[in-house]
Amino acid sequence: MALADRNTKLVSAKFGNEDAKTLAGYEKLGGYQMLRKALAMRPEDIANEVKASNLRGRGGAGFATGVKWGFVPKDAKEVHLVCNADESEPGTCKDRELIYWDPHLLVEGMVISAFALKAKHNYIYIRGEMMREYAVIAKAVEEAYARGYLGKNILGSGFECHLTVHRGAGAYICGEETALLNSLEGLRGQPRLKPPFPAIKGLFGNPTIVNNVETLMNVPFIVDKGGAWFAALGPGRSGGTRMLCVSGHVNKPGVYELPIGITFRELIDEVCGGVWKGRKAKAVIPGGTSMPPLTYDELDVPIEFDALMTDERIKPVEIAPGVPFDMGGGRQLRSMAGSGGVVVMDDHTDIPKAVWRIMKFYAHESCGQCTPCREGTGWMTKVAKRVADAQGKPGDLELLASIAHGIAGNTICALGDAAAWPMLGFLTKFRPDFEAALAASGAAA
Amino acid sequence: MSLEFSAESKKKIAALCERYPTKRPVVLAALHLAQKEFGHLSDDALRLVGTTLDLPYAHVYGVATFYTMFRREPGGRTTIRVCTNISCMLRGGYEVLDEFSAKLKLAPGESSKSFSLVEEECIAACANAPAVLCGTKYFLDVTPAQVAAIIAELEREPRPEGEVA
């Protein structure tokens, strides 16, 4: 048992292999053997291995998967497992590739997980725009039914498991798990108040576990080699490998499966061939646009869930120069590993313009339920736009910070925070860029 | 004017209704099918989805107007979704969108008989930015110089989104 190295490939091992996408090709490579193994185990033993594996949610929050599974009440009559395949976080493009190249690994991971959770009716909620991937996963599910990996009495085990692929229709917010459940139930995709959490009361009022694509695709490997093996692949409390999506100003953008704990600098310089045009990185979004950015000097931090939140080399986000943002109870916000979407901006980047584009996205995607988010994201977009266009007004930076601060923590779901955090983060770390834009407007900061 | 689903769509909807405890969850799939068959979601199309799934018109209307892929007005045969979100913007997404706009003589949000041009949010193809999505086909690492050829390809081989509905 050892740490993963850069050649360790689990979920991306079959990338580029067209044959592996078919059931026959997948079986030839040992596919569905882990399901056979799992069905001979006790469900609680599988859940225990997942707990021991330190597998953490790959959708963004990094919550321990085994712990989440443990929240399902023991006496639940009906449980659902839902795969969140609504990948839409800007900068994130791994789940789309994973589904396209290895659809049966997702099906196998889901049936094993459903067996561990004793879940009979299960769903894959796939983003509406992913039409090509929908066709791929729908075919895989059909093949799995025909072969007896889905349906009644799977492989003679007595376990009944159904899987339905449910298409969305264009709404970032449906990646939020309770919005996803509402959308699955045929409603507008608006998030629910929590508690109750889905593990207690989720889809159709039943306990429901919502897991990301990459998370579920790791489960067969845990069944194969054990939770301890998987845990040992990663540092600290983060087991396994991580799919990182690198975009923006690097020479070799790509989707890479890498050891957890590789630093941003190693990722950019060694894996991605450095920043393009011989330039220097100025800002790096660590895991989707919802996460506060890092500066050039902060790139030696490992890309690991806990490190991004606690590493003291990362400057805490502020609401005004010298005044840290309080996440509650005095907790500071540095950043988070998020969804694995690493966006690199070189030193020629117009930061206020980039921030305007990020804000425009959140304003477009706000579901409209909570006033601070519905109104605030629109205001931030408007003000960021005029600052970027050199039409800013005196006090605009304070105004942006105050709107962001008014949204953070005051909405039903995390979309509000997802808009507020990068706003505050960019203002904290790239204030001179905004001040220069204001000066160009003829307005002093 | 009252509309009707084709026999094939009726069959698909009936099969999907078996997969959920009630009919309501099938509303997104039924709306996708209605858009495929009728081109856009007119009031009559929404009424048809409502009567098919025993849902009030107001409910179907609320759902149809929440999601960006549904359109209430007629559109082009192929929808060209040009991503301009951060990763694509950093590598020229807006220049690509402008080029589509100039060549098609359509502002983002407008349609001709052949095309609808959409400024799209992140389509999860960030590592190959700028990216353009047309139905099941992705155009990756797109430069403005390639836009004319892409349009010609889509004229020869339209990519209606309904092909997977």
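The coordinates are above.
Residues numbered from 1 in each chain as written. Chains lettered and ligands numbered in written order. Predicted model: local features only at pLDDT ≥ 70, side-chain atom pairs only at ≥ 80, totals over all residues. Heavy atoms only, no water.

Okay, the overall build of chain B next. A tally of helices and strands in chain B yields seven helices and four strands. Beginning at the N terminus, the succession of helices and strands in chain B can be written as α-α-α-α-β-α-α-β-β-β-α. Counting the 165 residues in chain B, one finds 54% classified as buried. Long-range contacts, defined here as pairs at least 24 residues apart, represent 63% of the contacts in chain B between residues at least 6 apart. Between the mean site of the 19 positive side-chain charges and the mean site of the 21 negative ones, chain B shows a separation of 5 Å. (Helix = DSSP H or I, 4+ residues; strand = E, 2+ residues; numbered from the N terminus. Buried < 20%, exposed > 50% of the residue type's maximum accessible area, 1.4 Å probe, protein only. Contact = heavy atoms within 4.5 Å. Lys, Arg positive; Asp, Glu negative; His and termini not counted. Charge placed at Lys NZ, Arg CZ, Asp CG, Glu CD.)

Contact residues are listed per partner, giving 41 residues for chain B and 64 residues for chain A. Summed over both sides, the interface between chain B and chain A buries roughly 4,300 Å², with carbon and sulfur atoms accounting for 59% of that surface. Broken down residue by residue, the surface that chain B buries against chain A is led by Arg 19, Phe 66 and Leu 90 of chain B, which jointly contribute 15%. The interface formed by chain B and chain A contains four salt bridges. Close ionic contact of Glu 119 of chain B with Lys 360 of chain A constitutes a salt bridge, the shortest N to O distance being 3.0 Å. Counting across the interface, chain B meets chain A through 26 residue pairs in polar contact (both at pLDDT 80 or more). Sorting the residues of the side of chain B that touches chain A by element identifies α2 (27-38), α4 (57-64), α5 (86-90) and β2 (115-120) of chain B as the ones contributing at least two each. Of the residues forming the side of chain B that touches chain A, the biggest block, four residues, is contributed by α5 of chain B. (Buried area = accessible area lost by both parts, 1.4 Å probe. Salt bridge = Lys/Arg side-chain N within 4 Å of Asp/Glu carboxyl O. Polar contact = N/O pair within 3.5 Å; in protein donor to acceptor, adjacent residues only side chain to side chain.)

A word on a nonpolar patch on the surface. Residue and element names in this part refer to chain A. Side chains of Phe 63, Val 67, Phe 71, Phe 197 and Ile 200 sit close together on the surface and give an oily, nonpolar patch of about 460 Å² of accessible area. Following the sequence through the fold, Phe 63 ends up in the loop between α3 (43-52) and α4 (65-70). For Phe 63, a relative accessible area of 41% corresponds to the partly exposed category. (Patch = residues over 30% accessible without salt bridge, like charges linked within 9 Å, V, L, I, M, F, W, Y side chains within 5 Å. Areas by Shrake-Rupley, 256 points an atom, 1.4 Å probe, with all protein chains shown as cover.)

So far we have only geometry, and geometry alone does not tell us how the molecule works.
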